[in-house]
Each structure stands twice: as structure tokens, then as C-alpha cells.
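# Reading the structure
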Amino acid sequence: MTTFKVPFADLYAQYLSVKDEIDSAIAQVIRSSAFIRGPMVTEFEAGFAEKMGVRHCVSCANGTDALYIALRALGVGAGDEVIVPAHSWISTSASVTQAGGSVVFADTDGFTYTIDPSRIEEKITSRTVGIVPVHLYGQPADMDAVMAIARRHGLWVLEDCAQAHLARFGGRSVGTFGSVAAFSFYPGKNLGAMGDGGALLTNDQTLAEQMARLARHGGLIKGEHVIEGINSRLDGLQAAILSVKLRHLATWTLRRQRVATEYSRLLAGIEGLLLPQVAAGREHVYHLYVVGHARRDELAQYLSSHGIQTVINYPVALPFLPAYTRLRHRPEDFPDAHSNQSRVLSLPMFAEITDAQISMVAEAVRGFAA
Ligand SMILES: *Cc1c(COP(=O)(O)O)cnc(C)c1O
């Protein structure tokens, strides 16, 4: 195993910063044996809903299940088309297929990397039922434009908030625009468990109950199965850990934003390097700090040889993955996603990164460009 001077993320450093709180939360779950459902899960659901300013939170096993459960609750079935951005993690599109619908991709833009609203309407047909905008890397998609299109065509909106806890658009939290929002608590996400976890937020009580049923074998009371559901639950240990981390999320988010500001200051003016750009009115929470470079693979290799770990999110845009060869897409169908896939590089980003590490990364990037 290579050890990096600057790792891409450092979950152990985060644990150490809140060790006492985490250890006592874990001990409490073990002491009460409340491993599945129970007070810790209820407490986290209530706390997360309150922090986000949404009426209902339904927890589940992971972010992928959250998307799937939302799509099923929204009634997606055979022949229904759902529009998703061409560049995201595969859960965004795979969950549509899993729910029984058909994936329709729309290009992202070369500026915010989120779905380009000007390319959504050309994808709408009589079979379109909804849009799944992704707040990719932590920057909100253009929710005014997405919601306006949805209203005009009578479509629902499911927000994929897996990378965007606490991000804001026009001063309003992402996850509060659409009918429902899906969150992931995968360990590396801005709010991460020590295992898998996910949640759904909605203000619609009927939808919330249907999603809870789907996640819990089709019923809310033991022995009751009004529909066929799945088994997708957040466990007590993860819920207790997430409740602790939720208390620190705002502080950690602020630190991520400061790290991004510092990176952007130190990396300004480097020939050929595209820095993250934030559109007006959007608050980016920097799940990832993504730069662009025409010689991206060489830059990644150079940084690695200087002890800096980077990641590519994501090296192949969704329409060009083997999983979607059936759709026969060509690069010119999604020109921005196609050009972004070979340019994007995510630099180390976590709340506990030191100023010295930030400087080390910036100096190495400058060294590559020189
Ligand atoms: C992480 C992620 C998911 C899936 O979450 P899991 O908890 O890993 O299942 C979905 N969409 C996006 C954009 C993600 O980044």
C-alpha cells in the first residue's frame, strides 16, 4: 500500500476529532441492543429532517436504495422515461432501470458539471414522467430552471443530494425543491456513516409513508404487508454515529468551503488549469474539489509521484459506459459530458486537511504546469 503525504480523504482524522462522542454513541447502541430501527434511528430521522427544514425523513440502507425507493414510490414503471444527467455516479441512472423505467440522458454543462437545463426539454416525450437533477460534486444544479421545466410539463423532480448535504440554491437548501430528495451517507460523503446509510426527504406525507413501506417489507406495522417492499434499513449504530456527525456537519462544511477558497487562491492563473466555477446564487459544499486539465492523466500521475492522491469522478460519463451500450450513444450526443470525462480530476478534499497539505498540493500542481 502506498501511503500518501496528502491522502484524498482521511476518515480516521475525522473520527479522532469527535472520538469521545462517537465512542459513547456506539456504546449506547450496544448497551441497548437497538441494532435495527429503535430510538437511534428515529432520533436521526427527526434530527436530519429538522436540520434540513423538511417534514419527513425516511432512512434506508444506502443512497442507491434511496433513489430506487423514491422512484418506486413516485410510481415509475414500464415505459416511463426519466431524465438524468449524463455525468454522475451510476446509481442515478441504474436506479431508474431497477425501478422498471427507461433512462434518458441529458448533457451536463462544462461550467458547473450539473444537468444543463437548456438540454432537458428536447429530451421530453409523451412518456417522460420525471427529472433527477444531481447536485454533482456539491454544487446545486440550476433548480429554478429545472423546476420551471418540470412544472411546464407536469413532471416530478427527484433530487440526487448524495454529494450535496447543506448545499444551497438561491439561499434554499437542496433537497427541498423537488417532490423528494435522496441522500447517501457512504463514509466518504460530506455526512458519512461508518458503513452504508441513506435517507429520503419529502414534505409529502403520503409519499413518505409509501417510501417507508417500500423500505420495510411493504408495511409500517410488524406483520402488515400492504405491498411488496424490500429490506432497506439504516441500522442503529450508523444512525447513532450520524446523529453525532450531524451536529458537526455545518462546521465541517464551512471548513471544506475555506479549503476550496484557499485552493482556488493558490491555483489561480495556472495555464491550462480549469478551477471549479460556482454559478451565481449557488452555495457549493465541495464534496469534491474538481479541476480540469487537458493532460489530466499525466497530472494525476505527477501528483501521485509527489505523494498526492487524487481521484477521477468519473472517468467515463454514464451514456458511454458498457452498461448503456444498448442506447448506442455517441460522443456528439453529449459533447460536454464527453469532454469533461477526460479533463476532470478531484484533488484531496476533507475538513481535516492541514494548511501545509493544501500548500503541498498547490505547489505540486504548479510544478506540473511549469
Ligand atoms: C454516492 C452516490 C450515490 C449512491 O449512494 P450509495 O450510498 O453509495 O449507494 C448516488 N448518487 C450520487 C451522485 C452519489 O455520489
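Calculation notes
- Residues numbered from 1 in each chain as written.
- Predicted model: local features only at pLDDT ≥ 70, side-chain atom pairs only at ≥ 80, totals over all residues.
- Heavy atoms only, no water.
- Phe/Tyr/Trp six-rings, centres within 6.5 Å; stacked < 30°, edge-to-face > 60°.
- Helix = DSSP H or I, 4+ residues; strand = E, 2+ residues; numbered from the N terminus.
- Lys NZ or Arg CZ within 6 Å of the ring centre and 35° of its normal.
- 1 Å grid on protein atoms, 1.4 Å probe; cavity = no way out; pocket = protein on both sides within 12 Å on 5 of 7 lines; lining within 4 Å.
- Points joined across faces, edges and corners; volume = space filled by probe spheres on them.
- Nonpolar A, V, L, I, M, F, W, Y, C, P; charged D, E, K, R; others polar.
- Domains from an automatic or database assignment.
- Near = heavy atom within 4 Å.
- Polar contact = N/O pair within 3.5 Å; in protein donor to acceptor, adjacent residues only side chain to side chain.
- Areas by Shrake-Rupley, 256 points an atom, 1.4 Å probe, with all protein chains shown as cover.
- Sits in = over half its atoms within 2 Å of the grid points.
- Contact = heavy atoms within 4.5 Å.
- Buried area = accessible area lost by both parts, 1.4 Å probe.
- Salt bridge = Lys/Arg side-chain N within 4 Å of Asp/Glu carboxyl O.
- Buried < 20%, exposed > 50% of the residue type's maximum accessible area, 1.4 Å probe, protein only.

For the coordinates displayed, the defined rule picks out 14 aromatic pairs. Relative to phenylalanine 185, the ring of phenylalanine 44 has its centre 5.4 Å away and its plane inclined at 85°; by these criteria the two rings are edge-to-face. Here phenylalanine 44 is found in helix α3 (residues 39-52), whereas its partner phenylalanine 185 is found in the loop between β8 (180-184) and β9 (198-202), with 141 residues between them in sequence. Ring pairs connect the aromatic residues Phe44, Phe48, Phe183 and Phe185, which therefore count as one cluster. The ring of phenylalanine 177 has arginine 172 lying over it, and the distance from NZ or CZ to the ring centre is 4.2 Å.

Turning our attention to the layout of surface pockets. Think of a ball as big as a water molecule: rolled over the atoms, this probe shows where empty space is left. When its volume is computed, the largest pocket comes out at roughly 810 Å³. In this structure, the largest pocket is lined by 41 residues; those nearest its centre are Tyr186, Gly188, Lys189, His287 and Tyr314. Within the residue set of the lining of the largest pocket, elements represented by two or more residues are α1 (11-17), α4 (63-73), α5 (91-98), β8 and α8 (236-266). The class makeup of the residues in the lining of the largest pocket is 19 nonpolar, 15 polar and seven charged. Split by domain, the lining of the largest pocket shows at least three residues from each of two domains, domain 1 (12-106 + 113-246) and domain 2 (249-369). If you trace the second largest pocket, you find 14 residues lining it, with Arg216, His217, Gly219, Lys222 and Arg233 closest to the centre.

As a further point, take the site of the ligand. Taken together, 15 residues form the shell around the ligand, and within it Gly63, Thr64, Gln163, Ser184 and Lys189 come nearest. Note that an oxygen atom of the ligand is positioned 2.5 Å from one of the side-chain N or O atoms of threonine 64. In the environment of the ligand, an oxygen atom lies 2.8 Å from a nitrogen or oxygen atom belonging to the side chain of glutamine 163. Here the ligand has 380 Å² of accessible area as a free molecule, and 92% of this is covered by the chains. The cavity where the ligand resides is the largest pocket. Looking at the shell around the ligand, the elements with two or more residues in it are α4 and α5.

Between asparagine 313 and the following residue, tyrosine 314, the backbone shows a cis peptide bond with an omega angle of 10°. With respect to the secondary-structure elements, tyrosine 314 resides in the loop between α9 (296-305) and α10 (335-341). The phi dihedral of serine 33 is positive, around 55°, even though this residue is not glycine. Within the secondary structure layout, serine 33 lies in the loop between α2 (19-32) and α3.

On the secondary structure map, arginine 282 appears in strand β10 (residues 282-283). Polar contacts involving the side chain of arginine 282 include one to the main-chain carbonyl oxygen of proline 140, which spans 2.9 Å. Leave out the neighbours within four places in its chain, and arginine 282 touches Thr112, Thr114, Gln139, Pro140, Ala141, Asp142, Arg168 and Phe169.

For the chain, the assigned domains are domain 1 (12-106 + 113-246) and domain 2 (249-369). Contacts between domain 1 and domain 2 engage 42 residues on the former and 38 residues on the latter. Summing both partners gives a buried area of about 3,300 Å² for domain 1 against domain 2, and 60% of it is carried by carbon and sulfur. Sorting the residues of domain 1 by area buried against domain 2 places Tyr113, Tyr137 and Asn190 first, and these three jointly supply 22% of that buried surface. Between domain 1 and domain 2 we count one salt bridge in total. The salt bridge involving aspartate 336 is made with arginine 119; its shortest N-O contact spans 3.0 Å. There are 19 residue pairs in polar contact (both at pLDDT 80 or more) connecting domain 1 and domain 2. Mapped onto the side of domain 1 that touches domain 2, the elements with two or more residues apiece are α1, α5, β3 (102-106), β6 (168-169) and α8. Classifying every residue of the side of domain 1 that touches domain 2 gives 21 nonpolar, 15 polar and six charged.

What follows deals with the pattern of salt bridges. A full pass over the atoms with the stated rule returns 14 salt bridges. For the salt bridge of lysine 19 with aspartate 23, the shortest nitrogen-to-oxygen distance reads 2.7 Å. Of this pair, lysine 19 and aspartate 23 both sit in helix α2, four residues apart, which is roughly one turn of that helix. A salt bridge links arginine 255 to aspartate 355; the shortest N-O distance between them is 3.4 Å. Here arginine 255, found in helix α8, pairs with aspartate 355, found in helix α11 (residues 355-369); they are 100 residues apart in sequence, far enough to count as distant. Using a relative accessible area of 24% as the deciding quantity, one classes arginine 255 as partly exposed.

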